[in-house]
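Each chain, letter by letter, is given below.
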Amino acid sequence: MKPISGAPLLTVSSPPHFHCGRSIKGDNLQMTVALLPAVAFAVWHFGIEAARVLALGPAVAIMAEALSLRVMNRPPEADNYSALLCGLMFSFLLSASSPWWLVAVGSAASVIAGKMIFGGLGANPLCPPLVGWAICRISWPDYMDFDLTMLSSELTYPLSQIKNFGLDFISTHSTENLLMGFQLGGVGAAQVGAVLAGGLFLIARRQIRPEIPLSFLVGVTFTALIYNFADPQTYAGPMIHLLSGSTIFGAFFLATDGASSPVGRVPMIVFGATAGVMTMIIRIYGMYPDGVPFAILLANLITPLFEKIRPKPFGGKQRIYFERQS
C-alpha cells in the first residue's frame, strides 16, 4: 500500500476537544450590556454630570491597561472589554459631581493596583474596582462623601440619614422611589431597579451563578432583621438596607468577580453570606454609611480559606471522599 501523500487526513491535538462557546470577551460584553439600563437611569437623574463620570472612568481604565501591558511587553487586550468593564463599575460607585481627577486616579488605580500589578486578567485576589474605590475613599474622604458633593441635589442619601439622624428621617423614601433611583449614592449603584434587572439578566444568561448574590442578600436581610427585632426604634428593617447604597450592585456585580470569589458551591454560599453579614456590621458599628465595598474586600481576602470548605476530589464523589477520610 502506498503511503498517503499530501496533508494528513486526521490531526490529533491535545484535549479538551469541545468548547462551550463562551469567551472572556463575550462575558465582559454581556456584563457591560447588563449595566446599560443603570447608565440610562443615572443620566436621566443627574444629567451630563453622570455621563461625564461614566464615560471618563472606562476611558482612563482602557488607557491605564494599555500602558501597563506596554511596560510588561505584552500585547494589547482592550478588545476583551475587561478594562472598560472595570472602569465602568468603578464609576458606578462615585457621585455624579466627582471631579475629573478623582475619576481618573481611581479608575487607573483600579486597573493598575487592582489587576495589572498581580499579573493581569484573572490573577487579581481582590475585586479591582473596589481597590480603586478604597484608595480614593481613604485618600480623599470629602470628595467621596455623597452628602458633601451633592449639596445642590434635592435627593438624600438614606444610609447617611440612618447613621446620623435615626429612623425618623427615612420615612420619605418609599420602595418605589428607591427602586427608581430617587436617592443619592453611587451614580450607577443608586439605580437599584435597573441594576437588579441587569443582575437577573446575568443569572438568566448563566453569566453568573446565583449562589453568591442570593447568599449575600440573605446575609444582609437576616442580620438587619436580628437588629431590627432587638430594637426597632434604633435599627432599620432589611428593606431600606437592600434598596439603598450599593447592596444590589455589590451582590450581583462586585461580589461575583470571577478571580476574587470562590468557585465551589458551598464556598460561594459562605462567601456571599459572610460579605452580607459584614456589610451590616460595618453599617451599624463602622464610620462608613455603606459597608458593601469594604465587606466584599474583606471577604475577598478570606477566599482562599473558603475554597478549602468541602473540597471535592477530581473525578470523585463527595460522599465517597468523606467515607475514605473516616
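Everything that follows concerns the structure shown earlier in this document.
Since the structure is predicted, the reported quantities are computational estimates derived from the model, not experimental observations.

Q: Looking at this structure, how should I read the side chain of Gln 191?
A: Topologically, Gln 191 is positioned in the loop between α8 (175-179) and α9 (192-204). By relative accessible area, Gln 191 is classed as buried at 0%. A polar contact is formed between the side chain of Gln 191 and the backbone oxygen of Val 187, at a distance of 3.1 Å. The contact partners of Gln 191, leaving out residues within four places of it in the chain, are Ala 38, Phe 41, Ala 42, His 45, Phe 46, Met 180 and Gly 181.

Q: Teacher, can you tell me more about the pattern of salt bridges here?
A: Two side chains with opposite charge may pair up if their charged atoms get near one another. Tallied over the full model, the rule gives five salt bridges. Note that Asp 290 and Arg 283 form a salt bridge whose closest N and O atoms lie 2.9 Å from each other. This pair shows no difference in class: Asp 290 is buried, exactly as Arg 283 is. Overlapping salt bridges, with partners in common, bring together Arg 209, Glu 211 and Arg 265 in one network.

Q: Explain unusual backbone geometry to me, please; I cannot follow it from the model alone.
A: Leave glycine aside and you will find that most residues have negative phi; peptide bonds, for their part, are mostly trans. Phi at Tyr 81 is positive, roughly 65 degrees, even though this residue is not glycine. Along the chain, the position of Tyr 81 falls in the loop between α2 (48-71) and α3 (82-92). Judged by its relative accessible area of 27%, Tyr 81 is partly exposed. Backbone geometry at Arg 206 places phi at a positive 60 degrees, although glycine is not the residue there. With respect to the element layout, Arg 206 can be found in the loop between α9 and α10 (211-230). Exposure remark for Arg 206: the relative accessible area of 69% places this residue in the exposed category.

Q: What exactly am I supposed to notice about the packing of aromatic side chains here?
A: Where two aromatic rings form a pair, the distance of their centres and the angle of their planes describe that pair. Inspection of every chain in the model, using the stated rule, returns 12 aromatic pairs. An aromatic cluster is defined as three or more aromatic residues linked by ring pairs; in this entry it consists of Phe 41, Trp 44 and Phe 182.

Rules and cut-offs
- Residues numbered from 1 in each chain as written.
- Predicted model: local features only at pLDDT ≥ 70, side-chain atom pairs only at ≥ 80, totals over all residues.
- Heavy atoms only, no water.
- Helix = DSSP H or I, 4+ residues; strand = E, 2+ residues; numbered from the N terminus.
- Buried < 20%, exposed > 50% of the residue type's maximum accessible area, 1.4 Å probe, protein only.
- Polar contact = N/O pair within 3.5 Å; in protein donor to acceptor, adjacent residues only side chain to side chain.
- Contact = heavy atoms within 4.5 Å.
- Salt bridge = Lys/Arg side-chain N within 4 Å of Asp/Glu carboxyl O.
- Phe/Tyr/Trp six-rings, centres within 6.5 Å; stacked < 30°, edge-to-face > 60°.

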